[in-house]
Amino acid sequence: MKQFYFLLLLPLLLFNSSCTMIIKGLGKSVAKHYDDHKDLNLSKLSLLDGAGHQEAFETSFSGKTVYLYVWSLDLPPDDRNTDYKELKQRFQKYNDVVFINVYTGTDENKWKKVQDLKNEQVKAYRLTAAPENDAFRSLADSVTRPQIIGKDGALLGFRGPTPADHLVVDYALYQARNGIDATQSTKTLIRGINSKVKFKNQDLLLWYEDHFGKKPGEKLSISISNNN
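Residues numbered from 1 in each chain as written. Predicted model: local features only at pLDDT ≥ 70, side-chain atom pairs only at ≥ 80, totals over all residues. Heavy atoms only, no water.

S.K.: What am I meant to see in helix α7 (residues 168–176) here?
M.R.: Given 3.6 residues per helical turn, the α-helix brings residues three or four places apart onto the same face. A large share of α7 lies buried, amounting to nine of its nine residues. When we look at burial in α7, the residues that qualify are Val-168, Val-169, Asp-170, Tyr-171, Ala-172, Leu-173, Tyr-174, Gln-175 and Ala-176. (Buried < 20%, exposed > 50% of the residue type's maximum accessible area, 1.4 Å probe, protein only. Helix = DSSP H or I, 4+ residues; strand = E, 2+ residues; numbered from the N terminus.)

What follows is the structure, given as structure tokens:
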């Protein structure tokens, strides 16, 4: 999967605040698509687990914020991906956040590969042929991207921030717990960072210290990838 990262820590850019603003503008441009389908509710999705048992999304994940990888060609990340593993570890303290992946293809061998990973922390499912899956299936393509699903089933982050999108993915997933879509939360985050790549928003600073359990470093490490 090809990704382009717009880093706020590029040394040359930090000498010029206007350049930093350009980079922040690029980040906002990417994030504006996260809410493209926030009116689509996924509560009625019909899923099959690894044992072949059929489950309804609203039954299995009621009251949960879900970080969901949809895939058909490329395998979804697992704990061999450091960014993904560390993201899951940071959210272990929130009992209302879960990580799953959903296979939309028909290749049994690819589906079996995910089952063979035996990753107990990330449950793997596949879409059934039920008509209630049609709207979501039509959005799925060959690109393996994460989705953020709210506690009421709303699609709050369509092809949203990846585990490699440092700081952005944490804030978007954290705010989704409160029903805030990833576009809004990402723009809030970007607006809250000054030209010296530090928080100018006290609420963001307090969130960072509570979420990460430490104060931010000399400069924030933040990146955002395109959603293609």
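S.K.: Is there a simple way to think about the packing of α7 against helix α9 (residues 202–212) in this case?
M.R.: Between two packed helices, what matters for the description is the angle formed by their axes and the separation of those axes. Contact geometry of α7 with α9 gives a least axis separation of 12 Å together with a crossing angle of 95°. With respect to α9, the element α7 is oriented roughly perpendicular. Contacts between α7 and α9 involve Asp-170, Tyr-171 and Tyr-174 on the former and, on the latter, Leu-204, Trp-207, His-211 and Phe-212. (Axes fitted to C-alpha atoms, helices over the stretch in contact; angles between N-to-C directions. Parallel < 35°, antiparallel > 145°, perpendicular 65-115°, else oblique. Contact = heavy atoms within 4.5 Å.)

S.K.: Would you mind showing me how to read the packing of α7 against helix α8 (residues 182–191) here?
M.R.: For the pair α7 and α8, interaxial distance at closest approach is 9 Å and the crossing angle is 130°. The pairing of α7 with α8 is recorded here as oblique in orientation. Of the two elements, α7 crosses α8, and the hand of that crossing is right-handed. Two secondary-structure elements touch here, α7 through Val-168, Tyr-171, Ala-172 and Gln-175 and α8 through Ala-182, Ser-185, Thr-186, Thr-188 and Leu-189. (Left-handed = near helix turned anticlockwise from the far one by under 90°.)

S.K.: Would you explain the packing of aromatic side chains in this entry?
M.R.: Where two aromatic rings form a pair, the distance of their centres and the angle of their planes describe that pair. Counted by the stated rule, this structure contains 16 aromatic pairs. Taken together, the ring pairs in this structure connect Phe-91, Tyr-94, Tyr-171, Tyr-174, Phe-199, Trp-207, Tyr-208 and Phe-212 into an aromatic cluster. Taking NZ or CZ as reference, Arg-177 lies 5.1 Å from the ring centre of Tyr-174, over its face. (Phe/Tyr/Trp six-rings, centres within 6.5 Å; stacked < 30°, edge-to-face > 60°. Lys NZ or Arg CZ within 6 Å of the ring centre and 35° of its normal.)

S.K.: Hey, could you run me through the sheet that holds strand β4 (residues 97–103) in this one?
M.R.: Where strands meet in a sheet, backbone hydrogen bonds hold them as pairs that are either parallel or antiparallel. Ordered by their spatial adjacency, seven strands build an open sheet running β2-β1-β5-β4-β3-β6-β7, and the pairing between neighbours is mixed. Of all the strands in the sheet, just β2 (54–56) and β7 (155–157) have a single pairing partner and so form its edges. Direction aside, the axes of adjacent strands within the sheet are offset by 40° on average. Where strand β3 (residues 65–71) and β4 come together, seven bridges link them in parallel fashion. Bridge pairing links Val-66 to Val-98 in β4. The strands touched by α7 within the sheet are β3, β4, β6 (145–149) and β7, with β3 carrying the most contacts at an inclination of about 125°. (Pairing = 2+ DSSP bridges.)

S.K.: Looking at this model, I keep getting lost on the pattern of salt bridges. Mind explaining?
M.R.: Think of it this way: side chains of opposite charge can pair up when their charged atoms draw near. For the structure on display, the rule yields 10 salt bridges. Two residues, Lys-88 and Asp-79, come together in a salt bridge whose shortest N-O distance is 2.6 Å. Residue Lys-88 is classed as buried on the basis of its relative accessible area, which comes to 4%. Given a relative accessible area of 27%, Asp-79 falls into the partly exposed group. (Salt bridge = Lys/Arg side-chain N within 4 Å of Asp/Glu carboxyl O.)

S.K.: I would appreciate a short explanation of helix α4 (residues 82–90) in the present structure.
M.R.: Inspection of α4 places Tyr-84, Leu-87 and Lys-88 among the buried residues, and these make up the whole buried set. Angularly, the buried residues of α4 cover 95° about the axis, an arc narrow enough to put them on a single face. (Arc of directions from axis to C-beta.)

S.K.: Teacher, can you tell me more about unusual backbone geometry here?
M.R.: As a rule of thumb, non-glycine residues mostly have phi less than zero, and peptide bonds are mostly trans rather than cis. A positive phi angle is found at Arg-159, which is not glycine, with a value near 45°. Mapped onto the fold, Arg-159 is located in the loop between β7 and α7. Even without being glycine, Val-197 reaches a positive phi, approximately 60°. Within the secondary structure, Val-197 sits in the loop between α8 and α9. Residue Val-197 is classed as buried on the basis of its relative accessible area of 0%.

None of this, on its own, says anything about what the molecule does.
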